[in-house]
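# Structural overview
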Amino acid sequence: MLEDGEVGRTSATLPPFRHRAVLYDSDDDYVARSLEFIEAGLAAGEPVFVAVPDSRLALLQPRFGGVEAGALRFASMDVIGRNPAWIIPAWEEFAGPHLAAGRRARGIGEPTWAGRSAD
């Protein structure tokens, strides 16, 4: 999970970039940890980007049906992760406008996962 991201930014006015790895041992643990992180960000007014495999999206998306489109965005890592060169631009597209406005942004990313093919 990423938090307080500064994708592509160096301005001293923005919060520092922090990267946190979160280990989980079950789907329930994954959902609990992810929901806590997402809900804390939304409560703080921080937009959240979730880019994870489709199987993980299926666990998280239904819980946020009524959230404003700009505050929370989901992306399929099965799609954007097909070409690793698409991952960073996807993060920049999401975070860039928020960071340019001096707002914090956070996200969850899972570019590698059990079952991902070598291709």
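Given the structure is predicted, the values throughout are model-derived calculations rather than measurements. (Residues numbered from 1 in each chain as written. Predicted model: local features only at pLDDT ≥ 70, side-chain atom pairs only at ≥ 80, totals over all residues. Heavy atoms only, no water.)

In a regular helix each residue adds 1.5 Å, so 14 residues correspond to 20 Å; helix H4 (residues 87-100) covers 20 Å between its end C-alpha atoms and thus fits that length. A bend of about 35° at Phe94 is the largest found in H4, and the proline Pro97 appears one to four places after it. When we look at burial in H4, the residues that qualify are Ile87, Ala90, Trp91, Phe94, Ala95, His98 and Leu99. Within two residues after H4, Gly102 carries a phi angle of roughly 80°, on the positive side. (Helix = DSSP H or I, 4+ residues; strand = E, 2+ residues; numbered from the N terminus. Expected span 1.5 Å × (residues − 1). Bend = angle between axes of the 7 residues up to and from the residue. Buried < 20%, exposed > 50% of the residue type's maximum accessible area, 1.4 Å probe, protein only.)

Ranked by size, the top nonpolar core spans 13 residues in total, and within it Tyr30, Ile38, Val50, Val52, Leu60, Leu72 and Ile108 carry the most contacts. Mapped onto this core, the elements with two or more residues apiece are helix H1 (27-43), strand E3 (48-52) and helix H2 (54-60). Among the elements that take part in this core, H1 stands out by supplying five residues, more than any other. Those residues in contact with Val52, other than ones at most four positions away along the chain, are Tyr30, Leu57, Ala75, Ser76, Met77, Ile108 and Glu110. Grouped together as the second largest cluster of nonpolar side chains are 12 residues, Ala75, Ile80, Ala90 and Trp91 included. (Core = buried A, V, L, I, M, F, W, Y, C linked by side-chain atoms within 4.5 Å. Contact = heavy atoms within 4.5 Å.)

Along the chain, the position of Tyr24 falls in the loop between strand E2 (18-19) and H1. Between the C-alpha atom of Tyr24 and that of Ser34, which follows or precedes it by 10 residues, the distance is 9.9 Å. Once you skip the residues sitting within four places of it in the chain, Tyr24 turns out to touch Asp29, Tyr30, Arg33, Arg56 and Glu110. Polar contacts involving the side chain of Tyr24 include one to the side chain of Arg56, which spans 3.5 Å. (Polar contact = N/O pair within 3.5 Å; in protein donor to acceptor, adjacent residues only side chain to side chain.)

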